[in-house]
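The chain contents come next:
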Amino acid sequence: MKGVLVILDGLGDLPCSQLGDKTPLEAAETPNLNFLAARGEMGYMYPVKPAFVPESDQAIVSIFGNALTSSTRGQLEAIGADIKLTRGDLALRANFATIDNFKDKNIIDRRVGRTLTTGEALALAKDINNKIKLPCKFLLKPTVQHRAVLVFRGGFSDNISGNDLVYSQGRAHSLEKVGYSKAFDEDENSQYSANVLNEFLEKAYEILDKHSINEQRRKKGLMPANFLLVRDAGIESPKLKNYNKWISVAYLPLEKGFSKQSGMKTFSFEYPRLKDLDVYKNLYEALAEACKFSIRVLWKNRKRADYFYIHIKETDIPGHDNKPLEKKAMIEYIDRT
């Protein structure tokens, strides 16, 4: 073994008053990380380019020396969710989300308040898969918490937008409204692909908004998972650099799909099911398993590969939720482990 690359997703942050004008990493007690840093070389890199905030997939493929056009998140997450793709299948990343109504399409929460249980997501997806009729076959597969993958089978075009304006028009875009999928060219197949996606999303809303699960959620004062936000369409098989002398520890669909497509021997575990409303309890369970699992894989396979790639996702979530104390606690847990 020559080296180990550990990515703590979303580790960078801004100073905040809750931590005495320090970032979570600056405020965290990290004697082991400090030990390694003091005996190594420090530096920084722009995964894509300065002043550009990449999505997770763009950052990962760039860190490993690939062009941004080499893959899309929809493709990588579908591969990571163990969905077999053939050329022409249209794959998209999806979120269960909450909107006010289909007419106004204001996004209330793009992650259903992080309270959608695994069982609820599976039941909602099952009814969508069984009840919606389209001129093609499709599959909606929930993955972890509010996340899902959507695949349309057939000869589609991926030269279309998703329906999430923040991602289709850039992260700086302030509109918290749902848009429509649009074709980026005049090609007949692109127009058809956008139309099929829009038809699916409208029918999905009709099922989700009136679903008994969401009626029960409303009675409990919870947000309904009544819409799907989709983005990052892809049809071509990702063309990534080969890292067949690497071993990967990855457990979310994006990182699993990237590792597999890069030729890495990929080790994973089943993400803990979210059974109640305490999503941070679920995240800490997953973080504990990720740390223990990574150590076991590293030790057992230390003579079987040149390098290891270990991706820890949980440190990214508190940044999205504006919870610096949670991020600090996660960093300290990783350091102790």
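As the structure is a computational prediction, the values presented were derived from the model and not from experiment.

Turning next to the pairing of strand β2 (residues 90-99). Summarising burial for β2: ten of the ten residues are buried, a large majority. Where burial is concerned, the two faces of β2 agree: the one with Leu90, Leu92, Ala94, Phe96 and Thr98 and the one with Ala91, Arg93, Asn95, Ala97 and Ile99 are both buried. Pairing analysis gives six bridges linking β2 to strand β5 (residues 147-152), with the strands arranged antiparallel. When the sheet's bridge partners are listed, Leu92 is paired in β5 with Leu150. Pairing geometry for β2 and strand β6 (residues 227-234), over six bridges, is antiparallel. Within the sheet, the bridge partner assigned to Ala94 lies in β6 and is Val230. When β2 meets strand β3 (residues 107-109), the two strands line up antiparallel, connected through two bridges.

Bringing the sheet that holds strand β7 (residues 246-249) into the picture now. Sheet strands line up and pair through hydrogen bonds in the backbone, either parallel or antiparallel. Judged by pairing direction, the sheet is parallel, and its four strands sit side by side in the order β1-β9-β7-β8 without closing on themselves. The sheet terminates laterally at β1 (3-8) and β8 (265-267), the two strands that pair on one side only. Averaged over all pairs of adjacent strands, the angle between their axes in this sheet comes to 15 degrees, without regard to strand direction. Most of the contacts of helix α10 (residues 279-300) go to strand β9 (residues 307-312), to which it runs at about 175 degrees, and overall it touches β1, β7, β8 and β9.

Attention now moves to the side chain of Asn226. For Asn226, the location among the structural elements is in the loop between α8 (212-219) and β6. You can call Asn226 buried: its relative accessible area is 1%. Separated by 3.1 Å, the side chains of Asn226 and Asp209 make a polar contact. Discounting residues that sit within four places of it in the chain, Asn226 has contacts with Ala97, Thr98, Ile99, Tyr205, Leu208, Asp209, Asn214 and Arg218.

With 42 residues, the main nonpolar core has Phe96, Ile128, Leu140, Leu150, Phe152, Phe200 and Leu228 as its most contacted residues. Secondary-structure elements contributing two or more residues to this core are β2, α5 (118-131), β4 (138-142), β5, α7 (188-209) and β6. For this core, the leading source of residues is α7, giving nine residues. Excluding residues that lie within four positions of it along the chain, Leu140 makes contacts with Ala94, Phe96, Ala125, Ile128, Asn129, Ala148, Val149, Leu150 and Leu228. Formed by 26 residues, the second largest nonpolar core is a distinct cluster that contains Tyr271, Leu287, Val297 and Ala305.

Attention shifts here to the packing of aromatic side chains. Throughout the structure, instances matching the rule amount to 19 aromatic pairs. Between Phe64 and Trp246 the ring centres are 5.4 Å apart and the planes differ by 70 degrees, which places this aromatic pair in the edge-to-face class. Taken together, the residues span a long stretch of sequence, with Phe64 in the loop between α3 (56-63) and α4 (73-80) and Trp246 in strand β7 at a distance of 182 residues. Residues Phe102 and Phe227 carry aromatic rings whose centres are separated by 6.2 Å and whose planes lie at 55 degrees to one another, so their mutual orientation is tilted. Taken as a pair, Phe102 in the loop between β2 and β3 and Phe227 in strand β6 lie far apart in primary sequence, 125 residues in all. As far as the burial class goes, Phe102 and Phe227 line up, both buried. Site record: aromatic cluster; members linked through ring pairs are Phe64, Tyr243, Trp246, Phe258, Tyr307 and Tyr309. Sitting over the ring of Phe267, Lys265 keeps its end group 5.7 Å from the ring centre.

The next thing to look at is α10. Between the first and last C-alpha of α10 there are 31 Å, a value that for 22 residues agrees with the 32 Å anticipated at 1.5 Å per step. For α10, the complete set of buried residues consists of Val279, Tyr280, Asn282, Leu283, Ala286, Leu287, Ala288, Ala290, Cys291, Phe293, Ser294 and Val297. Elements that come into contact with the buried residues of α10 comprise β7, β8, β9, α11 (317-321) and α12 (324-336).

Criteria and cut-off values
Residue positions are given per chain, counted from 1 along the sequence in the order it is written. With the structure being a predicted model, the display of local features is reserved for residues of pLDDT at least 70 and the display and counting of side-chain atom pairs for 80 or more, all residues being used for whole-chain, interface and lining totals. No hydrogens and no water enter the side-chain calculation; it runs on all heavy atoms of the structure. To sort residues, take the accessible area from a 1.4 Å probe on protein chains only and compare it with the maximum for the residue type: under 20% means buried, over 50% means exposed, and anything in between is partly exposed. In this description a helix means any DSSP run of H or I spanning at least four residues, a strand means any run of E spanning at least two, and both kinds are numbered starting from the N terminus. Pairing between strands is defined by DSSP: at least two bridges between the two strands are required. Angles here are taken between N-to-C directions and fall from 0 to 180 degrees, while the axes themselves are lines fitted to C-alpha atoms, restricted in helices to the stretch in contact. Any two residues whose heavy atoms approach within 4.5 Å are treated as being in contact. Between N or O atoms, a polar contact is any pair within 3.5 Å; within protein, one atom must be a potential hydrogen donor and the other a potential acceptor, and residues adjacent in sequence are included only when both atoms are from side chains. We define a nonpolar core as any set of buried Ala, Val, Leu, Ile, Met, Phe, Trp, Tyr and Cys residues linked to one another through side-chain atoms lying within 4.5 Å. The criterion for an aromatic pair is that two Phe, Tyr or Trp rings (for Trp, the six-membered ring) have centres within 6.5 Å, with stacked assigned to planes under 30 degrees apart, edge-to-face to planes over 60 apart and tilted to the rest. Either the NZ atom of lysine or the CZ atom of arginine qualifies as a charge over a ring when it sits within 6 Å of the ring centre and within 35 degrees of the ring normal. A helix is expected to span 1.5 Å multiplied by its residue count minus one.

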